[in-house]
Each structure stands twice: as structure tokens, then as C-alpha cells.
Amino acid sequence: MTNVIANTVNFVKKTLHGAEAGHDWFHTERVWKLANQIARTEDCNQTVVQLAALLHDIADPKFHNGDENLALQISRDFLESEAVNDTITEQVLFIIKHLSFKNRGDAPAELPLELKIVQDADRLDAIGAIGIARTFNFGGYKNNLMYDPDIPPKLNMDKEAYKKSNGTTINHFYEKLLLLKDLMHTQKARSMAEERHAFMQTFLHQFYKEWSVAEAGQPADN
């Protein structure tokens, strides 16, 4: 499988060339490396983990008119071209389909360990210093407001509301990022998430201080 992994790396680099910086090859590479770190602490199929981590954002629906099938088709075509066996292919596609935060309500109650590992890795890259940078980069890409004290976060959104939301970048912390620490599956990821979560809390404290907004009027940090 060594050649398949190398070929997948090259394929993803080429496909994501010029992608939005929060969902580009470097994001994929970080998720891949994080997934490998976690996988080494678990009894899992590391080939499935690596392929799913590498292909998980090959066609993010946000940048393809909401099409959630495109990534599955691109990934299937690629894996078939590499003669990856059907069992591994289906496991990888299952992970890609159910990985997203917005799709968590549609996921089965019992998740495969390999999905948990890749999901933890993807969520880790959404928090901490990198997560903050990615969040503001995407907010700028969408021309969203950084912050407006008169626009409260929308908590507990369903999938459709989440997809349509164009709230402020700061609200995204409360709508998603600050929730991720408690959604980690593996012990390794839970441990890594603690520091990143704390850094986001520190950042928000400083942000409000500089904005000169009374913190008492802000949503409580999780």
C-alpha cells in the first residue's frame, strides 16, 4: 500500500492546488499527520485511516454548490484507478460521507474506529491556533463580519440551518469550535484538544478586551 499512499498524496496535492487556504493541501497534510499519530495509539486499519484522511476534503461541498456526492465520486474513481480493494474503498467512502460536523446528526450510533480517528484529527485542526487562523481565513473568503455584538450565536442549528448560516466569525467559535473538545473520541485526541481549546478561550478573552466589549454580555466559554 506504500505506493497507493504516495499516489494519493500526489493526487490530493494536484487536485487541491489553489484551494481556499483553510481547506487546501496543507490542511489535508495536517489532518493526515494527526490521524497517523492517533492511529498509532489504537488497534485500527491504518491504511483506511490514511486514505480517508488524505481524501476527506477532496471536494468540500462548501466550495461545490453544496454537492455532498462529488467527493465520494472523485474518491471512488481514484481508489478504483489504484486498484484498492472494494472493502477498503467502501470503508474510506463511509468515513468521508460521515466525517463532517454538520452531518453528525445523520451518522450511525456506532461509528467505526477508523472514522473516529480521522474525525478527531479533522476536529483537532479546526481548533487551537491553526483553527483560529482557518476560521478567520474562511470568514474573510466569505466576506463575513468578524464580530457584531448585536448578532448572537445560533446554537443547536440543524444541518440545513448550519449550511445556510453566514454569521460572524466570532460566533462560529460558539456554534462549533468550542464544542469540539467534548466531541473527541480517542484518548490521544482528547489530550491534544485540551491545550488547543484553552488557547481559543484565551484568544476570545483578549479579542473582547481589545474590542472593548463588556465580557459579561458575551456567551460563556465552554
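Placed above this text is the structure.
In this report, the structure presented in the accompanying data block is examined. (Residues numbered from 1 in each chain as written. Predicted model: local features only at pLDDT ≥ 70, side-chain atom pairs only at ≥ 80, totals over all residues. Heavy atoms only, no water.)

## A look at the overall build of the protein
Link 1 in the chain: Of the regular secondary structure elements, the protein holds ten helices and zero strands.
Link 2 in the chain: Listed by position from the N terminus, the elements making up the protein come as α-α-α-α-α-α-α-α-α-α.
Link 3 in the chain: Of all 222 residues assigned to the protein, the portion counted as buried reaches 45%.
Link 4 in the chain: In the protein, the proportion of contacts linking residues at least 24 apart, taken out of those at least 6 apart, comes to 67%. (Helix = DSSP H or I, 4+ residues; strand = E, 2+ residues; numbered from the N terminus. Buried < 20%, exposed > 50% of the residue type's maximum accessible area, 1.4 Å probe, protein only. Contact = heavy atoms within 4.5 Å.)

## Describing the environment of Pro112
Link 1 in the chain: Turning to its location among the elements, Pro112 is positioned in the loop between helix H5 (86-98) and helix H6 (113-124).
Link 2 in the chain: Distance in space between the C-alpha atoms of Pro112 and Cys44 is 9.2 Å, their sequence separation being 68 residues.

## A word on the pattern of salt bridges
Link 1 in the chain: Throughout the structure, instances matching the rule amount to five salt bridges.
Link 2 in the chain: Note that Asp125 is salt-bridged to Arg30, the shortest N-O span being 2.7 Å. With Asp125 in the loop between H6 and helix H7 (128-141) and Arg30 in helix H2 (residues 25-39), this residue pair connects regions lying 95 residues apart in the sequence.
Link 3 in the chain: The salt bridge involving Asp182 is made with Lys181; its shortest N-O contact spans 3.0 Å.
Link 4 in the chain: Since its relative accessible area comes to 17%, Lys181 is described here as buried.
Link 5 in the chain: Through salt bridges that share partners, Arg30, Asp125 and Arg134 make up one connected network. (Salt bridge = Lys/Arg side-chain N within 4 Å of Asp/Glu carboxyl O.)

## Some details on the side chain of Ser75
Link 1 in the chain: Along the chain, Ser75 turns up in helix H4 (residues 70-81).
Link 2 in the chain: Residue Ser75 is classed as buried on the basis of its relative accessible area, which comes to 0%.
Link 3 in the chain: The residues touching Ser75, leaving out its near neighbours within four places in the chain, are Leu55, Ile58, Leu93 and Ile96.

## Focus on the packing of aromatic side chains
Link 1 in the chain: Within this structure, the stated rule accounts for twelve aromatic pairs.
Link 2 in the chain: With a centroid separation of 4.4 Å and 15° between ring planes, the pair formed by Phe11 and Phe78 is classed as stacked. In this pair, Phe11 sits in helix H1 (residues 2-15) while Phe78 sits in helix H4, placing the two residues 67 residues apart along the sequence.
Link 3 in the chain: Note on Phe11: relative accessible area 22%, which makes it partly exposed.
Link 4 in the chain: Taking 6.0 Å as the distance between ring centres and 40° as the angle between the ring planes, the aromatic pair formed by Phe203 and Phe207 counts as tilted. Residue Phe203 and its partner Phe207 are located together in helix H10 (residues 187-211), separated by four residues, close to a single helical turn.
Link 5 in the chain: Overall, Phe203 belongs to the partly exposed group, its relative accessible area being 24%. (Phe/Tyr/Trp six-rings, centres within 6.5 Å; stacked < 30°, edge-to-face > 60°.)

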